[in-house]
Structures are given as C-alpha cells and as structure tokens.
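Coordinate inspection notes
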Amino acid sequence: MLESINPSGTFAWKKLRAHFAQMEFVQMQDLFAKDKDRANKMNIQWNDFLLDYSKNKVTEETMTLLLELANELKLKEAIQAMYKGHIINATEKRAVLHTALRDCSNSSTVEVDGETVMPDILDTRERIKKFTNRVLNGEYVSYSGKKFTDVINIGIGGSDLGPKMVVHALANYRNELGMHYISNVDDDYLQSVLKKLNPETTLVLIVSKTFTTQETIENAKKVKQWLQVNLGNVDLSNHYVGVSTAIEEAMNFGLKRENIYPMWDFVGGRFSLWSAVGISIALAVGFDNFEELLEGAYAMDSHFKETDFKDNLPVVLALLSVWYNNFYGYETEAVVPYSQLLGKLPAHLQQMIMESNGKNKDRSGNPVNYQTGTLIWGEVGVSAQHAFFQLFHQGTKVIPIDFIGFVNPHFKESTNHDILMSNFFGQSEALLNGKVGEEYESDGGSFLSNFREFCGNKPSNTILIQKLTPKSLGELIALYEHKTFVQGVIWNIFSFDQFGVEYGKILAKNIQNEIKTKIICEHDSSTEFLLRYFVKNRMVE
Ligand code: F6P
C-alpha cells in the first residue's frame, strides 16, 4: 500500500506556493527573451521522442521544486511498489500490473498472492498469436467453413476505447478484415452496423472484464440473436470469442472454454488494451504489429522506471500538469494530435485520466483540500484550429495543450505533411508569442487593431515523434498511463478504482425497472418529472 501524505503539507508545496507568487504574472515571452538557450535546456530526447516543454510557465527553479515535491511524496517508492506487484489499488485490494502485460524482458518474476504472473500472461499472448494467425490465414473458419470477413468487438469503456483507438491509429497497417465496435446500448446504431454485415462470415468478440456490464451483455444477446435468426439451427460456437475474468459467466453465455481468454484483477479496464482485450488489434493489424505495440509500451516502462526524474517524460509531463492544476488553477488540458489517425486518442485518454484521477478522497479517506484530476479534451489538428482554437488564442481561459506530431509521414510521397506540420509549429509559436494588432486605416484603424491583438503567454508541450508506428504508439499510450499514475501519487489518491462510474450502473438498473413496470418511485422532483414524461410519451408498448 502507498503511504498517505498530504501534498499540500509538504515543504516543497509550501516552497512552490511562495514561488508561484513570483511566477504568476511572469510572461513566457520574457523568459525566452532573457535566456536564448531556453529550448535547449527544457527538452527531453528519448528514443524517437522529443518533448519540448520550454513553452511552459516555468523556470529552472520551478522544475527543481516540482522534482522536490515528487521526491517528498515518495514517487520513486511508489513506482517500485507498482512494479513489484504491491497492493497499491488498496480500495479494491489489488495489485496494478498492466506493465506486466507488455513485459518483454523474459526475466520478470513479479508475483501476486505468491504466484508469478508472467507464465499466464505469456501463455495468453501465445494463444492470441495462434488464434489471430489462424483467423487471418483462413484456418479458423466460420460454421460453414468460410474465412471470416468481419469482426464485431462488443465491449464498453476500457473494453472498447483503447482497442478502437489503436485500430483506428494503425489504419495504414490494417489487413482486409472489417472491424466494428459496438459499445453503447443503442439499438439504432447496432442495427446500422449489422445491416451491412454477412452473419455467415462475422466473428464476434465479447470483451468484458466482469461479464456483468449490462450494455455489453445486452448487445451480445442481440448479436447472438441476429446470428441465430439469420443462420438457423447450426453450431455457431466458432463465431464467438470472449475475454473476461469471469470464465464461468462467459461459458454460461454459450462460449466454448477454449474460446475464452483471461483478464486479471490486477489490470484495470482502462489499462487493458495490452491484454487479450486487444485481440481486435491483433486481428486488425496482425500479431507482429500487436507485439510491436507491446514492445513500445515496454520501452516506455523501462524509461519511466529507470530514468532520473528530471529527464523522465511521464514524470515531467505530470509535474507540469500539477503545477497548472494546483497553483495556476487551470482546470482543463487539451490534447491535440496532428494526425487524423489519432482522432480517437482524446476519448481514450479521457477514460484513462479522468476515471483514474477524478477522486475527492485522499488515501486516508479524508476529503482532499486541493484540486485533483484534470479535465481532458481534444481533437485533431488542423481541424481543431478551425473549431475551438479561437478560445485558446483570445479567450479568457488558459488551457495548457499537448501538441503531438510526427516528423515523418507514413507515406514518403505525402506532400501535405509539411503543411500539416507547419500548422503544428505555427500554433504553439503563436500561442506563446501572441501578436500586436495591426492597424488598417481602411477598416477602422486602432479600434479594430484591438481585436486583432493576441496576448500570447499560453502554455503548451510539444511532443514530436519520428513516425506513427505500432511501436511509437505503444510508447505514447504508456507515456500517458504513467503520467496519470504520477499525478495520482502526487495527489495522494487511489487512481485504480472507479466507484463513481459503478454507482451509475446501479442507478440505471433501478430506473430501468421503473420504466418497465411504469411504477415511478420517489425521486427528486426533476428526475420524477422526466421519468413520468418519458413513460407517458414513449410509443413502445
Ligand atoms: O464504466 C465503468 C467500467 O467499470 C470501466 O472501468 C470499464 O472499463 C468498463 O466499465 C467496462 O467494464 P467491463 O470490461 O467489466 O465490461
């Protein structure tokens, strides 16, 4: 279990508070003007990654104090505790070992409850490899002996967002297999997917760590019904594959034992794409690419575990975010990838970061007296520039941004990549420097020049990666996973439970019963009013 230390009571926090009083109105433009070498000092280069964090409201002193904070809050010990399999998810009495899923060292001896975890993980990896190869080379076939043409992945939250994001990101590594994700319990959408598919050649993955998530089970039942109605009374067991910790429940649903892949309690849903939860990734891009993704994450794990905090990518990103969240009071952070293929990254990060760190009790169970989890949002650039960037440039709120871009495009002949990246560099430059408004006599002179003024001084990180590959994607995702972990340690919270979302599941079940029976119980007057309106106006009997 991690020690409980209130960050706001540490020496470093107090020093940071005093330092903030000096920094609050400092302009980054002045910091750059004073030190021509600033960018050279404030960057980290690791493998094919470059992080330039010089466009932040920090000095070398700020970074020193933030690192002091990390040390005082025993970050090193926390990292070791996670890797050693200690029960750091104390509220659920679980270890946190998503890192073991991508361990490529062949030497890990990490144990949970006295048992080494790697044999089971490696065995599952091998099973995924065999299965996906057999599907792709047409050895594992449909009930009628045909090669599968399409896959439906049914799952929600971590059983959907991560794999969906990766498959989308690796579009240029895809094979011909059609991949479809069903997460929401929304029949209209489900039907729109099913109507385009041939049931005879559709493989169904039911991915649910608990196998009790209502949305997933209801969707699985609907898809099962669709297969049965269309294909008749035949043995469809080859069409179903399950991923779950609840093997028995999955078998009760009708899955063959050999078609069920395990999940483990020591892996949270939002950190699970590296396990069999990512079977849709291995199917979509082939096992070798899936393995490269794992290798990338493993490389980032080693960097995180072994590198001095001052040169440690996840640690530095986490500390900068703490600086803004807890001292400047900036509540949100934007992630803007300059690759259309990373369009689903913000949604994945929202679950990863907000489900992990959206907590208001500290590790002693006391209400926190400081801000915790940041609000994450974003969209791909350049598109986002034509949408919400106006507010970044001239709004009243300050939103620190992570710009993520790639030095090289996938296709060498891509001529638009330089246009894309010119925007990438131009935006963070404009946000930093701002601009005085030009005066055009013809359209109002100094009056309009006012509106053309940009104050600048808007912070951003630039994460520049050589190329979008399975490996660098693995590195990038693991980077944010570890950033999330570091922040949880600093904020003295439990990052690996999710009681908040679990409560929503109970509420929905109760209300569902009221809608079904049309007996509306006592609620607050708004909820009751809405439920009565809904029951009265719905056309379904
Ligand atoms: O919504 C809460 C949650 O528990 C997430 O943490 C999880 O990723 C998702 O539901 C799906 O859960 P399961 O994989 O058990 O169906």
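Residues numbered from 1 in each chain as written. Predicted model: local features only at pLDDT ≥ 70, side-chain atom pairs only at ≥ 80, totals over all residues. Heavy atoms only, no water.

Things to note about the overall build of the protein chain
Helix and strand content of the protein chain: 21 helices and 13 strands. Here the C-alpha atoms of the protein chain give a radius of gyration of 25 Å, agreeing with the 24 Å that 2.2 N^0.38 yields for 541 residues. Expressed as lengths along the three principal axes of its C-alpha atoms, the size of the protein chain is roughly 75 × 65 × 60 Å. By the burial criterion, 54% of the 541 residues in the protein chain qualify as buried. Excluding contacts between residues fewer than 6 apart, the proportion of contacts in the protein chain whose partners are at least 24 apart in sequence is 75%. Roughly 24,400 Å² of accessible area belongs to the protein chain as shown, and the carbon and sulfur atoms make up 51% of that amount. Averaging the locations of the 54 positively and 66 negatively charged side chains of the protein chain gives two centres separated by 3 Å. (Helix = DSSP H or I, 4+ residues; strand = E, 2+ residues; numbered from the N terminus. Rg over C-alpha atoms; globule rule 2.2 N^0.38 Å. Buried < 20%, exposed > 50% of the residue type's maximum accessible area, 1.4 Å probe, protein only. Contact = heavy atoms within 4.5 Å. Areas by Shrake-Rupley, 256 points an atom, 1.4 Å probe, with all protein chains shown as cover. Lys, Arg positive; Asp, Glu negative; His and termini not counted. Charge placed at Lys NZ, Arg CZ, Asp CG, Glu CD.)

Describing the packing of helix α5 (residues 75-83) against helix α13 (residues 287-306)
Between α5 and α13, whose axes approach to 10 Å, the crossing angle comes to 140 degrees. Overall, the two elements α5 and α13 adopt an arrangement that is oblique. Along the contact surface, α5 presents Lys76, Ile79, Met82 and Tyr83, while α13 presents Asp301, Phe304 and Lys305. In the contact of α5 with α13, the residues fall into four nonpolar, no polar and three charged. (Axes fitted to C-alpha atoms, helices over the stretch in contact; angles between N-to-C directions. Parallel < 35°, antiparallel > 145°, perpendicular 65-115°, else oblique. Nonpolar A, V, L, I, M, F, W, Y, C, P; charged D, E, K, R; others polar.)

What about the sheet that holds strand β2 (residues 49-52)?
Spatial ordering of the open sheet is given by β1-β2-β13-β12-β10-β11, a layout of six strands whose pairing is mixed. One side of each edge strand has no neighbouring strand; the edge strands of this open sheet are β1 (43-46) and β11 (375-378). With strand direction ignored, the average angle separating the axes of adjacent strands in the sheet is 15 degrees. Bridge count between β1 and β2: four bridges; the pairing is antiparallel. For Ile44, the partnering residue across the bridge sits in β2 and is Leu51. Each of β1, β2, β10 (332-337) and β13 (460-465) is contacted by helix α14 (residues 313-328), which is oriented at about 25 degrees to β2, the strand it contacts most. (Pairing = 2+ DSSP bridges.)

Re the site of the ligand
Around the ligand, the surrounding shell holds 14 residues, and the nearest of these are Ser159, Ser208, Thr210, Thr213 and Glu355. Within the contact set of the ligand, an oxygen atom lies 2.7 Å away from a side-chain nitrogen or oxygen of Thr210. Here an oxygen atom of the ligand sits 3.2 Å away from a polar atom, N or O, in the side chain of Gln351. Contact with the protein chains covers 89% of the free accessible surface of the ligand, which is 390 Å². (Near = heavy atom within 4 Å. Polar contact = N/O pair within 3.5 Å; in protein donor to acceptor, adjacent residues only side chain to side chain.)

Observations concerning the domain arrangement of the protein chain
Each assigned domain of the protein chain is listed here: domain 1 (7-72 + 307-359 + 371-410 + 417-492), domain 2 (100-104 + 109-289) and domain 3 (500-537). For domain 1 versus domain 3, the separation of C-alpha centres amounts to 41 Å. (Domains from an automatic or database assignment.)

With respect to the pattern of salt bridges
A side chain with one charge may pair with a side chain of the opposite charge, provided their charged atoms come close. For the structure on display, the rule yields 22 salt bridges. One network of salt bridges, in which partners are shared, links Asp35, Lys41 and Glu60. (Salt bridge = Lys/Arg side-chain N within 4 Å of Asp/Glu carboxyl O.)

Examining the packing of aromatic side chains
Taken as a whole, this structure holds 29 aromatic pairs when the rule is applied. Their ring planes at 80 degrees and their centres at 4.7 Å tell us that Phe20 and Tyr328 sit as a pair that is edge-to-face. Highlighted residues: Phe20 in helix α1 (residues 11-23) and Tyr328 in helix α14, separated in sequence by 308 residues. Overall, the relative accessible area of 13% leaves Phe20 in the buried class. Where Tyr140 meets Phe148, the ring centres are 6.1 Å apart and the plane angle is 25 degrees; that geometry is what we call stacked. According to the relative accessible area criterion, Tyr140 is buried, its value standing at 6%. Assessed through its relative accessible area of 4%, Phe148 is described here as buried. Each residue in the set Trp13, Phe20, Trp323, Tyr324, Phe327, Tyr328, Tyr330 and Tyr370 is aromatic and connected to the rest through ring pairs, giving one cluster. The lysine or arginine in question, Arg38, covers the ring of Phe32, its NZ or CZ lying 5.1 Å from the ring centre. Between Arg102 and the ring centre of Trp274, over which it is positioned, the NZ or CZ distance is 4.6 Å. (Phe/Tyr/Trp six-rings, centres within 6.5 Å; stacked < 30°, edge-to-face > 60°. Lys NZ or Arg CZ within 6 Å of the ring centre and 35° of its normal.)

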